[in-house]
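Inside the fold
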Amino acid sequence: EAGVTQFPSHSVIEKGQTVTLRCDPISGHDNLYWYRRVMGKEIKFLLHFVKESKQDESGMPNNRFLAERTGGTYSTLKVQPAELEDSGVYFCASSQVSNPYEQYFGPGTRLTVT
Amino acid sequence: AQSVAQPEDQVNVAEGNPLTVKCTYSVSGNPYLFWYVQYPNRGLQFLLKYITGDNLVKGSYGFEAEFNKSQTSFHLKKPSALVSDSALYFCAVRDIRGFQKLVFGTGTRLLVSP
């Protein structure tokens, strides 16, 4: 069974540019989460999809971040325009609706904004 | 607000010795507690969870964790450490305010020496 995959693995962009991160959850997992770890600190929740619907987006830092999950399969997280403080590792996770707390994480996308 | 604390940035242990990675929590109500591990260049992997039941929870790779309500702790343990256990370990708690999001600690790096 394929795990959660994320693309790209690394991204280096300049301040003011746009970046789009992609996450492909495990097949059959309706729950999809985005988390972020900034500068070696704790991993913080960004948002949660159930299928294509945003269930909880309380962790999204501001309106420069836009997450979508059209069709309820893969998800994208767009940062526009990027700021220096957006640098960090962005993790995606997925889980089954029947077992939501066993979340499977992808390898993360390391975003560096210069 | 729900939170977890991992007081040690790094734990060093010799191969074959027992290991403990500490975690304390602060929650309202009954805690749902988790341990995840991140190996280099990999995503977070689920190790174990405590939701209810026995205070000693057994997980993957020979790890276990002991839930202690009076001390509000959920320490991760393993009787005999392996060099391959060297990784970054995260404790997490469910945030009861919002659906299924996890609140993570800052992580503890475990270094097992041969």
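This text gives an overview of the structure that appears in the document. Every value quoted in this text rests on a predicted model; they were computed, and no experiment measured them. (Residues numbered from 1 in each chain as written. Chains lettered and ligands numbered in written order. Predicted model: local features only at pLDDT ≥ 70, side-chain atom pairs only at ≥ 80, totals over all residues. Heavy atoms only, no water.)

Bringing the pairing of strand β2 (residues 10–13) of chain A into the picture now. Residue and element names in this part refer to chain A. On β2, burial follows the alternation: Ser11 and Ile13 on one face are buried, whereas His10 and Val12 on the facing-out side are not. Two elements, β2 and strand β11 (residues 109–113), share four bridges in a ladder whose sense is parallel. Each bridged residue has a counterpart across the sheet, and for His10 the counterpart in β11 is Arg110. (Buried < 20%, exposed > 50% of the residue type's maximum accessible area, 1.4 Å probe, protein only. Helix = DSSP H or I, 4+ residues; strand = E, 2+ residues; numbered from the N terminus. Pairing = 2+ DSSP bridges.)

The next subject is the sheet that holds strand β1 (residues 5–7) of chain A. Residues and elements named next belong to chain A. Taking strand neighbours across the sheet as the criterion, the four strands line up as β1-β3-β8-β7 in an open arrangement whose pairing is antiparallel. What marks the edges here is a single partner per strand, and that holds for β1 and β7 (65–68). Shown here is a sheet whose adjacent strand axes are inclined to one another by a mean of 15°, direction ignored. Across three bridges, the pairing between β1 and strand β3 (residues 19–24) is antiparallel. Looking at β3, one finds that Phe7 is bridged to Arg22. (Axes fitted to C-alpha atoms, helices over the stretch in contact; angles between N-to-C directions.)

Time to look at the packing of aromatic side chains. Per the stated rule, a full pass over the model turns up 18 aromatic pairs over all chains. Ring geometry for B:Tyr50 versus B:Phe67: centroids 4.1 Å apart, planes at 15°, classification stacked. Of this pair, B:Tyr50 sits in strand β6 (residues 44–50) while B:Phe67 sits in strand β8 (residues 64–68), placing them 17 residues apart in sequence. Three or more aromatic residues link up through ring pairs in this structure, and these residues are A:Tyr33, A:Tyr35, A:Phe45, A:Phe91, A:Phe105, B:Tyr36, B:Phe46, B:Phe90 and B:Phe104. Sitting over the face of the ring of A:Tyr74, A:Arg22 holds its NZ or CZ atom 3.8 Å from the ring centroid. Just above the ring of B:Tyr32 sits the side chain of B:Arg94; from NZ or CZ to the centre is 3.9 Å. (Phe/Tyr/Trp six-rings, centres within 6.5 Å; stacked < 30°, edge-to-face > 60°. Lys NZ or Arg CZ within 6 Å of the ring centre and 35° of its normal.)

Each partner contributes residues to the interface: chain A has 22 residues there, and chain B has 21 residues. Buried area between chain A and chain B, summed over both chains or domains, comes out near 1,800 Å², and the portion from carbon and sulfur atoms is 60%. Among the residues chain A hides against chain B, the three largest losses belong to A:Ile43, A:Tyr101 and A:Phe105. Together they make up 36% of the total. Remark: the boundary between chain A and chain B carries one salt bridge. Mapped onto the side of chain A that touches chain B, the elements with two or more residues apiece are β4 (31–37), β5 (43–50), β6 (53–56) and β10 (99–105) of chain A. Ranked by the residues each element gives to the side of chain A that touches chain B, the list is headed by β10(A), at six residues. In terms of residue class, the side of chain A that touches chain B is made up of nine nonpolar, eight polar and five charged. (Contact = heavy atoms within 4.5 Å. Buried area = accessible area lost by both parts, 1.4 Å probe. Salt bridge = Lys/Arg side-chain N within 4 Å of Asp/Glu carboxyl O. Nonpolar A, V, L, I, M, F, W, Y, C, P; charged D, E, K, R; others polar.)

Its boundaries defined by the atoms lining it, the largest pocket holds a volume of some 580 Å³. As for the largest pocket, its lining consists of 28 residues, and the residues nearest its centre are A:Val89, A:Phe91, A:Arg110, B:Gln38 and B:Asn41. Element by element, the count of residues in the lining of the largest pocket is highest for β11(A), at four residues. Within the lining of the largest pocket, the residues separate by chemical class into 12 nonpolar, 12 polar and four charged. Space inside the second largest pocket adds up to approximately 290 Å³. As for the second largest pocket, its lining consists of 17 residues, and the residues nearest its centre are A:Gly3, A:Tyr104, A:Phe105, B:Leu44 and B:Gln45. Per-element tally for the lining of the second largest pocket: the top contributor is β10(A), with four residues. Of the residues in the lining of the second largest pocket, the class split is eight nonpolar, six polar and three charged. (1 Å grid on protein atoms, 1.4 Å probe; cavity = no way out; pocket = protein on both sides within 12 Å on 5 of 7 lines; lining within 4 Å. Points joined across faces, edges and corners; volume = space filled by probe spheres on them.)

Honestly, it's all geometry; don't read function into it.
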